[in-house]
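# Residue-level structure breakdown
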Amino acid sequence: VLGLSAPAREAFLRLLSGADKPQSGSISLGGKDIAQARREKGKIIRIGPGGVKPSGQRVRKLIGADAAGRVGLSGQMDAALSDLDPAQRVRLAIAMAREDQPGLILLDSPGLGLGSEPRLGMLPQLRPMLAQLPSVVVLAGAPDEARGLAGQVVVLAAGAVVQAAPAEQVFLHPVNLAAAQATSQPAL
């Protein structure tokens, strides 16, 4: 999802997670109202920009070796969470979410706080980590996040969908100025 400011991303995440109720219409997951799905432990997992919060806890206490291998953290099993960089903490959060087998993962700005080179390096690695999961919504904080993940892109402007298509189509052929602004980097 592209085109939302940080406060709008937060509001949208609250709607998608069932924390807030839409003014009209409904949001459902697996045939259940999203608020009802939210009450089921582990059904909806939200991963923030920094992933797992830094602490003294060791990676091995949170995930097993197989899960660590799937997200590129095999060599970090004895590392404290506070020793991991933000990209590694996002990968750890995804590994933890994969083990919980949620119905929906909400991933907010996975590259936020990373420099452009680390962010561009991380995005292609995220694609296979997210591929086998049932439903993942990524609220991109920057156009390169959406393009790097190469999935379906939805561009929102003024509370409405202005374009929804595969990433390459949206980036190569924005349908209007709002879509062009949301996909341009550097910003128009």
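Look a little higher up for the structure.
Residues numbered from 1 in each chain as written. Predicted model: local features only at pLDDT ≥ 70, side-chain atom pairs only at ≥ 80, totals over all residues. Heavy atoms only, no water.

A separate point is unusual backbone geometry. Phi is positive for Gln 101, close to 50 degrees, though the residue is something other than glycine. With respect to the element layout, Gln 101 can be found in the loop between α4 (86-100) and β4 (104-108). You will see that Ser 109, though not glycine, has its phi angle at about 45 degrees, which is positive. With respect to the element layout, Ser 109 can be found in the loop between β4 and α5 (116-131). (Helix = DSSP H or I, 4+ residues; strand = E, 2+ residues; numbered from the N terminus.)

Counting 31 residues, the largest nonpolar core has Ile 47, Leu 92, Ile 94, Leu 126 and Leu 130 as the members making the most contacts within it. For this core, the secondary structure elements donating two or more residues are β3 (44-47), α3 (65-70), α4, β4 and α5. A per-element tally of this core places α4 first, with seven residues. Once residues within four sequence positions are removed from consideration, Ile 47 is found in contact with Ala 93, Ile 94, Ala 97, Ile 105, Leu 106, Leu 107 and Asp 108. (Core = buried A, V, L, I, M, F, W, Y, C linked by side-chain atoms within 4.5 Å. Buried < 20%, exposed > 50% of the residue type's maximum accessible area, 1.4 Å probe, protein only. Contact = heavy atoms within 4.5 Å.)

This paragraph deals with the pattern of salt bridges. The full count for this structure, using the stated rule, is six salt bridges. The closest approach of N and O atoms between Asp 108 and Arg 9, which form a salt bridge, is 3.1 Å. Within this pair, whereas Asp 108 is found in strand β4, its partner Arg 9 is found in helix α1 (residues 6-17), the two being separated by 99 residues in sequence. Asp 108 sits in the buried class, given a relative accessible area of 8%. Since its relative accessible area comes to 9%, Arg 9 is described here as buried. Notably, a salt bridge pairs Arg 46 with Glu 10, separated by 2.4 Å at the nearest N-O pair. Residue Arg 46 is located in strand β3, and its partner Glu 10 is located in helix α1; the two are separated by 36 residues in the primary sequence. For Arg 46, a relative accessible area of 37% puts it in the partly exposed group. (Salt bridge = Lys/Arg side-chain N within 4 Å of Asp/Glu carboxyl O.)

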